[in-house]
Amino acid sequence: LTLIKYGYNGLRAVAQGVYSFLKRMAFSMEAVETMLKDKKLNADDSYETVACRWLRQHEEEWTPWVPSATECVAGQGLVAKNGSYVLSLLNASGCQWCRP
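Predicted, not measured: the structure shown is a model, and the values here were computed from it.

Student: Sorry, what's going on with the overall build of the chain here?
Tutor: Helices and strands together make up the secondary structure of the chain, namely five helices and two strands. Listing each helix as α and each strand as β along the chain from the N terminus yields α-α-α-α-α-β-β. For 100 residues, the compact-globule estimate of 2.2 N^0.38 gives 13 Å, and the C-alpha radius of gyration of the chain, at 18 Å, exceeds that figure by more than 25%. Principal-axis analysis of the C-alpha atoms places the extent of the chain at approximately 55 × 30 × 20 Å. Across the 100 residues that make up the chain, the buried fraction comes to 17%. A separation threshold of at least 6 residues defines the contact pool for the chain, and within that pool the share at least 24 residues apart is 29%.

Student: Could you clarify how one ought to interpret the nonpolar core in this entry?
Tutor: Side chains of nonpolar character tend, in soluble globular proteins, to be buried together. Formed by Ala31, Met35, Val50, Trp54 and Trp65, the largest nonpolar core amounts to five residues. Elements with a contribution of two residues or more to this core: helix H3 (29-41) and helix H4 (47-57). Discounting chain neighbours no more than four positions away, the residues touching Ala31 are Trp54 and Glu61.

Student: Would you take a moment to explain the side chain of Ser20 for this structure?
Tutor: The topology assignment puts Ser20 in helix H2 (residues 16-24). When its relative accessible area of 11% is taken as the criterion, Ser20 is described as buried. Dropping the residues within four chain positions of it, Ser20 is found in contact with Trp65 and Pro67.

Definitions and limits used
Residues numbered from 1 in each chain as written. Predicted model: local features only at pLDDT ≥ 70, side-chain atom pairs only at ≥ 80, totals over all residues. Heavy atoms only, no water. Helix = DSSP H or I, 4+ residues; strand = E, 2+ residues; numbered from the N terminus. Rg over C-alpha atoms; globule rule 2.2 N^0.38 Å. Buried < 20%, exposed > 50% of the residue type's maximum accessible area, 1.4 Å probe, protein only. Contact = heavy atoms within 4.5 Å. Core = buried A, V, L, I, M, F, W, Y, C linked by side-chain atoms within 4.5 Å.

As structure tokens, then:
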């Protein structure tokens with residue numbers, strides 16, 4: 001098992017969604033133990049297969065890590081499906097860069 005940590009000081013500025021996802025991502029010891037036991041029981045499966053199986057079986061654990069489409073960053077505004085800017089999350093479907 002190889003654990004790799006990636007880092008980039010400018011990630012938040014260039015990929016806010018990825019930054020938010022990684023900031024929220026946290027595996028409990030139980031989750032790690034579950035995957036390690038799975039790998040031991042299914043030794044021929046790749047680590048990717050084991051991880052994929054865990055993701056499919058534990059959606060409730062990782063979906064909160066995924067940022068919503070309406071989590072705007074500085075310089076963005078909420079927009080409706082038709083692309084017009086809105087003031088309320090109730091009417092918003094996403095974010096768009098504000099016009100200068």
